[in-house]
Protein chains: 2
Amino acid sequence: MLTPVEFSRLVIKRGTVAVVSDPHEIANVLGKRGIEFMIADSRNALIKIFFTIPSCVPATPFDCSGGCITSDDVHDFLKTGNFVGLSEVMNVPGVLNGDAELMRKIEHARQYHLAIDGHAPGLSGEDLQKYVQAGISTDHECTELKEALEKIGAGMKILVREGSAARNYENLKSLIVEHSKELMFCTDDSHPDELIEVGHIDKLVKRAIKDGFDLFDVWRIACMNPIKHYGLNVGMLREGDPADFVIFEDLEDLTVKSVYIGGVEKWDADSLNKFECKEIHIQDLSRMVQKELICIEVADGEIVTQKRTFSIQETRFNFESDIQRDILKIVYLNRYADKPPQVGYIHGVGLQRGAFASSVSHDSHNIIAVGCSDEEIASAINRLIAEKGGLVVIDSAEQEMMPLPIAGIISDRDGYYVAGMWKRLMNRLVNMGCRLSSPFMTLSFMALIVIPELKIGEEGLFEYSNFRFISSKE
Amino acid sequence: MLTPVEFSRLVIKRGTVAVVSDPHEIANVLGKRGIEFMIADSRNALIKIFFTIPSCVPATPFDCSGGCITSDDVHDFLKTGNFVGLSEVMNVPGVLNGDAELMRKIEHARQYHLAIDGHAPGLSGEDLQKYVQAGISTDHECTELKEALEKIGAGMKILVREGSAARNYENLKSLIVEHSKELMFCTDDSHPDELIEVGHIDKLVKRAIKDGFDLFDVWRIACMNPIKHYGLNVGMLREGDPADFVIFEDLEDLTVKSVYIGGVEKWDADSLNKFECKEIHIQDLSRMVQKELICIEVADGEIVTQKRTFSIQETRFNFESDIQRDILKIVYLNRYADKPPQVGYIHGVGLQRGAFASSVSHDSHNIIAVGCSDEEIASAINRLIAEKGGLVVIDSAEQEMMPLPIAGIISDRDGYYVAGMWKRLMNRLVNMGCRLSSPFMTLSFMALIVIPELKIGEEGLFEYSNFRFISSKE
């Protein structure tokens, strides 16, 4: 259900540098155009994606599909040099009965010296021999050891499949001991949640290592065998090879540190970010106010602010907010150091409850938060620190957040997600009484002290006209 | 808030083939590493992304930023040949007072004959002359006509900015008449929802054309001026140029048909899909049943089914379902033609209410639906047809859907969205009583008639052991 590009973004994190992929699902819908799309899209993928050309589209004469790949199409595609093999020959009777059209496809693949994949559940005896003699060299449908051994005996390579539904590793794993040269791993029909939560080929490597099989046997199956079998242009760390490799934290849990493809680091586990600040405590935000209180006054749609002073009738040992007069706390926290938060007051936001915070603020992208209570402001800031950046809204116990893990200012998700979350956060703030048309935008300018008149920064409130920091009690 | 790749996916749909981008936000957080990330990521973008090198990181001496770009860094970056200019010189006093470090950055850019961008709100008179003499040739901060005219007079190009917050087109548009050679368009700080719903540079072109300005003046501003000013390697449809161009439906609404970059079609408005079937009516699903009813019996986790017969006590003119005995309707609809739906019955799904449908089904990916009522089954199928494919769950008035717009089997969203929606649809079906651990997976095998025993296809139920279609009444 993912494009090649999106697929590559999930599996590179699992240490996959290359895959052999069969575009036969989309070929059944769109024919040649579907295959061309897959190849074009894969050019923008993070990993190397190799394709085999489908041999059985449509799957059967009974099928009412949208596309058809003839033997001439197979030939045309093979001429492009974009394929490493012929996809699973599911039409076993076609091979056994010498179906002319099917045999032409196989012939084309042989002519280009390409691997021919099989799909022959339960095939054995003479039929199996005939199937193999046609040039078919792999099978990924073995569910039992005996079946796999007969196929290996007949000269086939066995792809041990472990997807979200069909799971054959447990029954076939003992082959690793004596047959590591004849095995490969595959993960057909893995759902995206399985790729994210359980893993890709790494999940098989990890299990095999935990099961006590020889490390080098397991890695040969995972890495070298497919490269050699399909003749892939993927490096094997020999002199002159393309530099395709993975750096793991260790060889048991297989935590990936970074992935290089063709000598270029394509993925790196270290988040591309900088967050050195520590969690804040509610009491860090406490401020005594007496007589008068200096406020940043914001106007909707303007990045210029005014300085405004409110009179305070009685001393408050911690002035959290005055919802009636729309006086809220604003907090600045340097995210590149472990320093105390700076606290000021702001008028014009209109929030009736809750708090919001952002790690997007001009120009240094430190943390800015505004809220009605110290508890909610602290929650907002601490959530930001925990997630290393983003936009967050706190409404008593409820939290809504868009993480921005890249530098605390960029999402790693698609544009539709970001647009949707942006509107969602806006709407929530409107429901909480916020009167600004773009609250996070306004917030992001509150630390830009080179714009008049009153802003908040490293040493508290900054007064532009005198070009100096002032205390909010002055 | 988007990576260059995700940004490119949004704006290519709007006919943008190239952008000049300033990576100074991420440079403020991560310094050189941030700039390197932007360049590396942009290599996988759909459009051409050119970068200028930030001149003012950190923005001011008061800023506590995470990164710093020195004049030596600027020089090192310029040597790579990856930059088309020096980013906005915001430090106007630095230019006027001849700040040594800043002047070195400007000198480096001049040495490489690169454009130097300005940022000088309100600057005029002698100061403006001095700023321009330093080699700074653009300004995107003009809000008034008079200011823009003075800057044009001083030799600057004016970037007419229309973002989500700052909007200067209305005030500056009259410049188009006499100064189309001195203008460019820009869209700083456009939020993703604005890019999706309103547009990118196309929104400015459209407005200018609607406002009656000369078509060729407007297109010169949008296309040729930036290429010439920054010396971009973007084609202008001259012989020998790279084939970068957009095909529009018309030159007023600017509906994009397709976008070519370097001669390769990188985006195409025609959905990569095939859906020829028409909406179905509830009465198409009506089936009379008497005496006995033949059912597909599914077992969780198996793609093999059984044929099972239930006795029916009284004739029903439309047998919708029997929740007690877990007999539900299953419907097959060929999506590549306008044919009536095929109706059968299924046992083992367990649904207590509602319906679900999918355009992912082996091997031809026709539509399969299962449900408790004809109304909900029809809703599910018709929603699929309306969206041209995906997975859908109907629970009385509520609909939950994951669209799969690419061939009806692939999402155009990121892997986390697809994984999230997949689980969400699963959970909803569990709440509706479904007993299958992977209901859409099971559904997808119900049209694979080459697997025993009873499946549904083009002419109704298909019995594998006799290898023929049967009517459900037989």
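Look above for the structure.
Residues numbered from 1 in each chain as written. Chains lettered and ligands numbered in written order. Predicted model: local features only at pLDDT ≥ 70, side-chain atom pairs only at ≥ 80, totals over all residues. Heavy atoms only, no water.

**A closer look at the sheet that holds strand E15 (residues 355-358) of chain B**
Residues and elements named next belong to chain B.
In step 1: Strand order in this open sheet of eight strands is E12-E11-E14-E13-E16-E15-E17-E18, and the pairing throughout is mixed. With partners counted over all chains shown, the strands left at the sheet margins are strand E12 (306-311) and strand E18 (398-403), one partner each. This sheet shows a mean twist of 25° between the axes of neighbouring strands, independent of strand direction.
In step 2: Of the pairings in the sheet, the one linking strand E11 (residues 292-297) to strand E14 (residues 342-347) comprises two bridges and is parallel in character. Within the sheet, the bridge partner assigned to isoleucine 296 lies in E14 and is isoleucine 346.
In step 3: Where helix H14 (residues 374-387) meets the sheet, it contacts strand E13 (327-333), E15, strand E16 (367-371), strand E17 (390-395) and E18, and its direction lies at approximately 150° from that of E17.
In step 4: Contacts from helix H15 (residues 415-431) reach E15, E17 and E18, with the element oriented near 145° to E18. (Pairing = 2+ DSSP bridges. Helix = DSSP H or I, 4+ residues; strand = E, 2+ residues; numbered from the N terminus. Axes fitted to C-alpha atoms, helices over the stretch in contact; angles between N-to-C directions. Contact = heavy atoms within 4.5 Å.)

**Side note on the side chain of Arg161(B)**
In step 1: Looking at the secondary structure, you find Arg161(B) in strand E6 (residues 157-161).
In step 2: Within the structure, the side chain of Arg161(B) is placed 3.1 Å from the side chain of Glu141(B), a separation counted as a polar contact. (Polar contact = N/O pair within 3.5 Å; in protein donor to acceptor, adjacent residues only side chain to side chain.)

**Quick word on the relation of the copies chain B and chain A**
In step 1: For the match of chain B to chain A, the screw axis carries a shift of 0.0 Å, the RMSD comes to 0.0 Å, and the turn is 180°. Such values leave the two copies arranged in the relation of a two-fold axis. Among all residues of chain B, the one whose C-alpha sits closest to the rotation axis is Asn44(B), at a distance of 2.6 Å.
In step 2: Here 100% of the interface residues in chain B have copies in chain A that are interface residues too; the copies meet face to matching face. (Least-squares fit on C-alpha atoms with pLDDT ≥ 70 in both.)

**A word on the packing of helix H4 (residues 71-79) of chain B against helix H6 (residues 100-111) of chain B**
Residue and element names in this part refer to chain B.
In step 1: Their axes nearest at 8 Å, the elements H4 and H6 cross at an angle of 15°. Classified by the interaxial angle, the pair formed by H4 and H6 is roughly parallel. Considering how the two elements wind past one another, H4 and H6 form a crossing that is right-handed. Across the interface between the two elements, Ser71, Val74, His75 and Leu78 of H4 pack against Glu101, Arg104, Lys105, His108, Ala109 and Gln111 of H6. (Parallel < 35°, antiparallel > 145°, perpendicular 65-115°, else oblique. Left-handed = near helix turned anticlockwise from the far one by under 90°.)

**A short note on helix H3 (residues 32-42) of chain A**
In step 1: Those residues of H3(A) lying buried are Gly34(A), Ile35(A), Phe37(A), Met38(A), Ile39(A), Asp41(A) and Ser42(A).
In step 2: Buried residues along H3(A) sit against helix H1 (4-11), helix H2 (24-30), strand E2 (48-53), helix H4 (71-79) and strand E3 (83-89) of chain A. (Buried < 20%, exposed > 50% of the residue type's maximum accessible area, 1.4 Å probe, protein only.)

**Quick word on the sheet that holds strand E10 (residues 264-268) of chain B**
Residues and elements named next belong to chain B.
In step 1: Spatially, the three strands line up as an open sheet ordered E8-E9-E10, and their pairing is antiparallel. Strands at the two margins of the open sheet, each flanked by one partner only, are strand E8 (245-248) and E10. Neighbour-to-neighbour, the strand axes of this sheet turn through a mean angle of 20°, independent of strand direction.
In step 2: As paired strands, E8 and strand E9 (residues 256-261) are joined by four bridges and run antiparallel to one another. When the bridges of E9 are listed, valine 246 appears paired with valine 259.

**With respect to the interface of chain B and chain A**
When the parts come together, some accessible area is lost, and that loss is often what is quoted as the size of the interface.
In step 1: Chain B puts 74 residues into the contact, and the matching count from chain A is 74 residues.
In step 2: Across the interface of chain B and chain A, roughly 6,400 Å² is buried in total on both sides, 63% from carbon and sulfur atoms.
In step 3: The largest per-residue losses of area from chain B upon contact with chain A belong to Met1(B), Phe62(B) and Tyr416(B), which jointly make up 11% of the total buried on that side.
In step 4: Run the count over chain B and chain A and you get six salt bridges.
In step 5: Taking the shortest distance from any N to any O, the salt bridge between Glu197(B) and Lys423(A) comes out at 2.6 Å.
In step 6: At the junction of chain B and chain A, the tally comes to 17 residue pairs in polar contact (both at pLDDT 80 or more).
In step 7: Counting only elements with at least two residues in the side of chain B that touches chain A, the list comes to helix H1 (4-11), helix H2 (24-30), helix H3 (32-42), helix H11 (192-197), E10 and H15 of chain B.
In step 8: Ranked by the residues each element gives to the side of chain B that touches chain A, the list is headed by H15(B), at seven residues. (Buried area = accessible area lost by both parts, 1.4 Å probe. Salt bridge = Lys/Arg side-chain N within 4 Å of Asp/Glu carboxyl O.)

**Remarks on the packing of aromatic side chains**
Remark: the centre distance and the inter-plane angle together describe each pair of aromatic rings, the angle taken between the planes.
Residue and element names in this part refer to chain A.
In step 1: Going through the model one piece at a time under the given rule, you end up with 18 aromatic pairs over all chains.
In step 2: With centroids separated by 5.6 Å and ring planes inclined at 50°, the aromatic side chains of tryptophan 219 and phenylalanine 248 adopt a geometry described as tilted. Here tryptophan 219 is found in helix H13 (residues 215-230), whereas its partner phenylalanine 248 is found in strand E8 (residues 245-248), with 29 residues between them in sequence.
In step 3: Taking relative accessible area as the criterion, phenylalanine 248 reaches 18% and is therefore assigned buried.
In step 4: Taken together, the aromatic side chains of Phe462, Tyr464, Phe467 and Phe469 make up a single cluster linked through ring pairs. (Phe/Tyr/Trp six-rings, centres within 6.5 Å; stacked < 30°, edge-to-face > 60°.)

**Points about the nonpolar core**
In step 1: Val349(B) and Phe440(B) are the most contacted members of the largest nonpolar core, which totals 126 residues.
In step 2: With seven residues, H15(B) is the single largest residue contributor to this core.
In step 3: The contact partners of Phe440(B), leaving out residues within four places of it in the chain, are Phe356(B), Ala357(B), Ser358(B), Leu391(B), Val392(B), Val393(B), Trp422(B), Leu425(B), Met426(B) and Leu429(B).
In step 4: Core analysis: the second largest hydrophobic core is formed by 125 residues, Met402(A), Leu404(A), Leu195(B) and Phe213(B) among them. (Core = buried A, V, L, I, M, F, W, Y, C linked by side-chain atoms within 4.5 Å.)

**Points about the pattern of salt bridges**
In step 1: Throughout the structure, instances matching the rule amount to 70 salt bridges over all chains.
In step 2: With a shortest N-O distance of 3.2 Å, Arg435(A) and Asp326(A) are connected by a salt bridge. One end of the pair, Arg435(A), is in the loop between helix H15 (415-431) and helix H16 (439-444); the other, Asp326(A), is in the loop between strand E12 (306-311) and strand E13 (327-333), with 109 residues separating them in the sequence.
In step 3: The class of Arg435(A) is exposed, set by a relative accessible area of 53%.
In step 4: Among the ionic pairs, Lys48(B) bridges to Asp244(B), the shortest N-O distance being 2.8 Å. One end of the pair, Lys48(B), is in strand E2 (residues 48-53); the other, Asp244(B), is in the loop between helix H13 (215-230) and E8, with 196 residues separating them in the sequence. Considered together, Lys48(B) and Asp244(B) belong to a single accessibility category, that of buried residues.
In step 5: Bridged by salt links that share partners, the residues Glu162(A), Arg167(A), Glu170(A), Lys173(A), Glu194(A), Lys203(A), Arg207(A) and Asp211(A) form one connected network.

**Structural notes on the packing of helix H12 (residues 201-210) of chain A against H13(A)**
All names here are of chain A.
In step 1: The interhelical angle for the contact between H12 and H13, taken along N-to-C directions, is 160°, at an axis separation of 10 Å. If you check the angle between H12 and H13, you find them roughly antiparallel. The two elements H12 and H13 meet at a crossing, and its hand is right-handed. Residues Ile201, Val205, Ala208 and Ile209 of H12 touch H13, and the partners they reach there are Leu215, Val218, Trp219 and Ala222.
In step 2: Counted by class, the contact of H12 with H13 contains eight nonpolar, no polar and no charged residues. (Nonpolar A, V, L, I, M, F, W, Y, C, P; charged D, E, K, R; others polar.)

**Here's the deal with a nonpolar patch on the surface**
In step 1: Taken together, the side chains of Phe62(A), Tyr464(B) and Phe467(B) define a hydrophobic patch exposed on the protein surface, amounting to about 250 Å² of accessible area.
In step 2: Considering the arrangement of structural elements, one finds Phe62(A) in the loop between E2 and H4.
In step 3: For Phe62(A), a relative accessible area of 32% puts it in the partly exposed group. (Patch = residues over 30% accessible without salt bridge, like charges linked within 9 Å, V, L, I, M, F, W, Y side chains within 5 Å. Areas by Shrake-Rupley, 256 points an atom, 1.4 Å probe, with all protein chains shown as cover.)

**So, the environment of Lys105(A)**
Residues and elements named next belong to chain A.
In step 1: Note on placement: lysine 105 falls in helix H6 (residues 100-111).
In step 2: Look at lysine 105 and you get buried, because its relative accessible area is 6%.
In step 3: Expressed as a C-alpha distance, the spacing of lysine 105 and phenylalanine 319, which sit 214 residues apart in the sequence, is 80 Å.
In step 4: Ignoring sequence-local partners within four residues, the contact set of lysine 105 consists of Ser55, Ile69, Thr70, Ser71, Val74 and Leu86.

**Looking at the environment of Arg110(A)**
All names here are of chain A.
In step 1: On the secondary structure map, arginine 110 appears in helix H6.
In step 2: Arginine 110 sits 38 residues away from aspartate 72 along the chain, and the two C-alpha atoms are 15 Å apart.
In step 3: If we ignore the near neighbours within four places in the chain, the residues touching arginine 110 are Ile116, Gln133, Ala134 and Gly135.

**Quick notes on H14(B)**
All names here are of chain B.
In step 1: Between its first and last C-alpha, H14 extends 20 Å over 14 residues, near the 20 Å set by a 1.5 Å rise per residue.
In step 2: Buried residues of H14: Asp374, Glu376, Ile377, Ala378, Ala380, Ile381, Asn382, Leu384 and Ile385, and no others.
In step 3: On its buried face, H14 is in contact with E13, E15, E16, E17 and E18.
In step 4: A positive phi of about 55° marks lysine 388, the residue just after H14. (Expected span 1.5 Å × (residues − 1).)

Interpretation in functional terms is not warranted from these geometric data alone.
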